[in-house]
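Overview (structure and organization)
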Amino acid sequence: MNPLLNIFASIAIPFFLGLGVILLIFRNSRRMDLLEIVPISLGVGIGIISIWGFLLLNLGIGLSVLTVALPLFIAILLAKILILKREEKNFVSLGSKTHPSRIEFLLWGCIFFEIAYVFWLSSMRPICVDDAVSMWGLRAKIIYFAQEFAVPFSKTLSALRTIKHTDYPLLIPFSQSWVCITLSQWNDGLCKMVFPTFFLLLTLSFYSILKKVIPRKNALLFTFLLCGLPFLGKMATWGIADVAFTFYYIIGFLYMYLWMNHPEGGYLTISALFLGFGMWTKAEGIPSMLISILILGVFIIANRRFLAKEQLKAVRNFFAIFLLLFGFVLYFRFLMGGKNDMISLRSFSPSYMIAKLDRIPVILYQFQRQFLGAFKKWNLLGYLFIFSVVFNIKKVFRPPVLYITTAIVLNFMLYIWVYLVAEIEIHEFLGTSQNRILMHFIPLMVFISGLLLASGKHERYEKGKT
Amino acid sequence: MKLFKMWHSKLKPFILEPKDYVLWIIIVIWIILWAVFHFMSFPKDLANYKQLKGLSLEQKHALVLGKELHEFLLFCEVKLPPRQKVTPVGDFKSFQDSRFRYYIYPHRICADADYILVYKDKSFYKENYSTFAQFDESSRILKRSGEPN
């Protein structure tokens, strides 16, 4: 088959799978923007294919385009026939009818340039950076060759267990091996393109969400600031899983925030799916999901008198999806042995934490150094965020912005704790991981800066409760 | 006074509060820095692109691994039966075990394998192993002899 057709299939199949799910979720809703529906459809499709692929391996069924895509399409078709209540004619709109201004064209040009640059850099070399090769690439190869040589599932698991960080989930390796399955050959040049694709999806989704709460021009500006962060683009060209995790976690949380602002049931379902896929992308997904659930819980308690039946239904669906995906991730961790290399039960012991308190000054020093001094990685984000917060200090601690502030603070505290208790030399750990960890929640800082700068200018921002 | 009020009402939408000026100045400097970083990195990226343009995937692997090691690994891929356990021995220098495992897969590394990959070590000898395939003077594949596969 023509390689170009194969590459097209590797994108089209997850896209249409995800689109089927999105149309089911939003079946009774208003129209969605094309720029919103494309990235979330692809994100959902990749997540579903990776989970289904793992279940197929578990059942001893070989991975191929037929075994992966066909059952899923049939399932979605059946669900549409049984559940669908109305036609989705004209569901997708191409976008706003307002003609973009010159500034918006310029910003779109800069965003397009940044994305194209990342794809260009990524396409130059196959995966070659340490983590990309020995962590994710090797796992992807094991999965790919498991289907090529019909390797029993137990031997595949054994091979996966020999790699460092055995509890690392498999969304990224499955998405890389999916590309190679459609090509019918192992090609680490093409499967690397999964990473700039996640960068593109993050940029488009971030814009489509921000556009709902601030004017379009401001949303474009802050989307450009996000995608122009040097380190974010660099990670997308290296083939590191943190870009994908950032996509799933940030978009998942922002859809939750959208639901808090405007209780469209589908938003919370998308949030559950994305946060769930985040758990399947990196180990940090589980604590990040728990932080999001905590914030959701606070919102529900604070607004319990105002929540309508539909909203409670949405919350029920959220927890149902969370339990399903959490159960799946726990099952995977059980199969892999359930151990984390750096955090153990001892890490939760107060005496152990107190003994490690001398690490705090080093950790805080390095965080501020990265945040305020590493211009070549984070540009002036630290300063923009701090000044935005200082100038809008009251808004930052009032709903709905309070929920984003809380997410940033809790994430920051979580990672301080991880560095405090990790059973690894602290300077080495900080040096190899800090920037990637910052990347997980830095888009929230860009989002909140955009909100605060444009606050008061957009009607929808003023709506809080139902 | 009337004129002033008229102009003030026209200009009002564009008059920012002092805090907004600070934030917009940061954003303008941000954009300038973004352009500067791209301007500084573009020549190096372009030079890399020119070096890598037109190379096949295997040639790019050779650049990453080093030509000799890459050729040896290709030789191993051709000569070894599928999915074997191998033990690498010799001058792999800074090539980390974890990365080597990726490039040699689907062959798997273990301590006491039927096949030993000897790279740039002329003098290496192990009892019960004989030369299975010779790459060059100092690199070869040894196979356990005298035992069934």
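Residues numbered from 1 in each chain as written. Chains lettered and ligands numbered in written order. Predicted model: local features only at pLDDT ≥ 70, side-chain atom pairs only at ≥ 80, totals over all residues. Heavy atoms only, no water.

**Considerations on the overall build of chain B**
Operational definition: The helix count covers DSSP runs of H or I at least four residues long, the strand count covers runs of E at least two residues long, and both are numbered beginning at the N terminus. Classification of residues uses two cut-offs on accessible area relative to the type maximum, computed with a 1.4 Å probe and protein chains only: under 20% is buried, over 50% is exposed, and between them is partly exposed. Every residue pair with non-hydrogen atoms within 4.5 Å of one another is taken to be in contact.
When its secondary structure is counted, chain B shows five helices and five strands. When its helices and strands are written in sequence order, chain B yields α-α-α-α-β-α-β-β-β-β. With 149 residues in all, chain B has 36% of them scored as buried. Put simply, 52% of the contacts in chain B that link residues at least 6 apart link residues at least 24 apart.

**Considerations on the packing of aromatic side chains**
Quick reminder of the rule: Only rings of Phe, Tyr and Trp enter the pairing, Trp through its six-membered ring, and a pair is recorded when the two centres are within 6.5 Å. The plane angle decides the type: under 30 degrees is stacked, over 60 is edge-to-face, the rest tilted.
Counted under the stated rule, the structure contains 51 aromatic pairs over all chains. Consider the rings of W120(A) and Y49(B), whose centres lie 5.4 Å apart with planes at 50°: the pair is tilted. You can see W120(A) sitting in helix α4 (residues 102–124) and its partner Y49(B) sitting in helix α2 (residues 18–52), one on each of two chains. Y49(B) gets classed as partly exposed once you look at its relative accessible area, which sits at 31%. Among the aromatic residues, those joined into a cluster by ring pairs are F113(A), Y117(A), W120(A), F224(A), W34(B), F42(B) and Y49(B).

**Quick word on the nonpolar core**
Here is the rule: Take the buried residues of types Ala, Val, Leu, Ile, Met, Phe, Trp, Tyr and Cys, join any two whose side-chain atoms come within 4.5 Å, and each joined set is a nonpolar core.
By size, the foremost hydrophobic cluster in this structure holds 201 residues, and its most contacted members are F198(A), W259(A), W280(A), L444(A) and F447(A). Ignoring sequence-local partners within four residues, the contact set of W280(A) consists of S50(A), I51(A), F54(A), P169(A), L170(A), L171(A), F174(A), F328(A), V329(A) and F332(A). Residues V89(B), I116(B), Y129(B) and L142(B) belong to the second largest nonpolar core, which totals five residues.

**Observations regarding the pattern of salt bridges**
All names here are of chain A. To keep it simple, the criterion reads: Any Lys or Arg side-chain nitrogen found within 4 Å of a carboxyl oxygen on Asp or Glu counts as a salt bridge.
Enumeration according to the criterion identifies 14 salt bridges over all chains in this entry. The closest approach of N and O atoms between K212 and E36, which form a salt bridge, is 2.8 Å. Of this pair, K212 sits in the loop between α8 (194–210) and α9 (216–227) while E36 sits in helix α2 (residues 34–58), placing them 176 residues apart in sequence. Here K212 matches E36 in class, with each residue buried. Each of D131, D242, K282, E284 and R436 takes part in a single network of salt bridges with overlapping partners.

**A short note on helix α3 (residues 57–65) of chain B**
Since one α-helical turn is 3.6 residues long, residues separated by three or four positions face the same way. Along α3(B), the positions that sit buried rather than exposed are K60(B), H61(B), A62(B) and L65(B). Positive backbone phi, at 100°, marks G66(B), one or two positions downstream of α3(B).

**Some remarks on the sheet that holds strand β3 (residues 115–119) of chain B**
Residue and element names in this part refer to chain B. Rules: In short, DSSP must find at least two bridges between two strands for them to pair. Working convention: axes come from line fits to C-alpha atoms, limited for helices to the stretch in contact. Angles between N-to-C directions cover 0 to 180 degrees.
Pairing in this open sheet of five strands is mixed, and the strands run β2-β1-β3-β5-β4 from one edge to the other. Strands at the two margins of the open sheet, each flanked by one partner only, are β2 (108–109) and β4 (129–134). Note: β4 against strand β5 (residues 140–144), five bridges, orientation antiparallel. Paired with T131 across the bridge in β5 is L142. In this fold helix α4 (residues 67–79) packs onto β3, β4 and β5, with an angle of close to 160° to the strand it touches most, β3.

**Some points on the confidence of the model for chain B**
The condition that has to hold: Predictor confidence is given residue by residue as pLDDT, running from a minimum of 0 to a maximum of 100.
Per-residue pLDDT for chain B has a mean of 84; in total, 82% of the residues score no lower than 70. Of the two predicted TM-score estimates for the complex, the pTM is 0.91 and the ipTM is 0.86.

**Describing the environment of F253(A)**
Residues and elements named next belong to chain A. Checked against the element boundaries, F253 lands in helix α11 (residues 242–261). Look at F253 and you get buried, because its relative accessible area is 1%. Taking the C-alpha atoms as reference points, F253 and F112, 141 residues apart in sequence, are found 25 Å from one another. Setting aside chain neighbours within four positions, we find F253 in contact with L275, S292, I295, Y403, I404, A407 and L444.

**Remarks on a positive patch on the surface**
Where we set the bar: Only residues whose relative accessible area exceeds 30% and that take part in no salt bridge are eligible for patches, with like-charged residues grouped when within 9 Å of each other and nonpolar side chains (Val, Leu, Ile, Met, Phe, Trp, Tyr) grouped when within 5 Å. Throughout, the Shrake-Rupley method with a 1.4 Å probe supplies accessible areas, and for residues the shown protein chains are the sole cover considered. We count Lys and Arg on the positive side and Asp and Glu on the negative side, and we leave His and both chain ends out. By convention, charge coordinates are those of NZ in Lys, CZ in Arg, CG in Asp, or CD in Glu.
Among the surface-exposed residues, R125(A), K234(A), K376(A) and K44(B) lie close enough to one another that they form a single positively charged patch. Mapped onto the secondary structure, K376(A) falls in helix α17 (residues 375–378). Judged by its relative accessible area of 58%, K376(A) falls in the exposed class.

**Comments concerning the state of the cysteines**
Every disulfide links exactly two cysteines, by a covalent bond between their sulfur atoms. All names here are of chain A. Here is the rule we go by: When the sulfur atoms of two cysteines come within 2.5 Å, that pair is taken as a disulfide.
The tally for this structure, following the rule as stated, stands at zero disulfides over all chains. C191 supplies the cysteine sulfur nearest to C128, a cysteine that is in no disulfide, at a spacing of 12 Å. Of the cysteine sulfurs around C191, a residue in no disulfide, the closest is that of C180, at 4.3 Å.

**A word on the pairing of β5(B)**
Residue and element names in this part refer to chain B. In terms of burial, β5 is a largely internal element, four of the five residues being buried. Looking at chain direction, β3 and β5 are connected through four bridges and run antiparallel. Of the residues in β5, the one forming a bridge with Y115 is K143. Between β4 and the antiparallel strand that follows it, β5, lie five residues.

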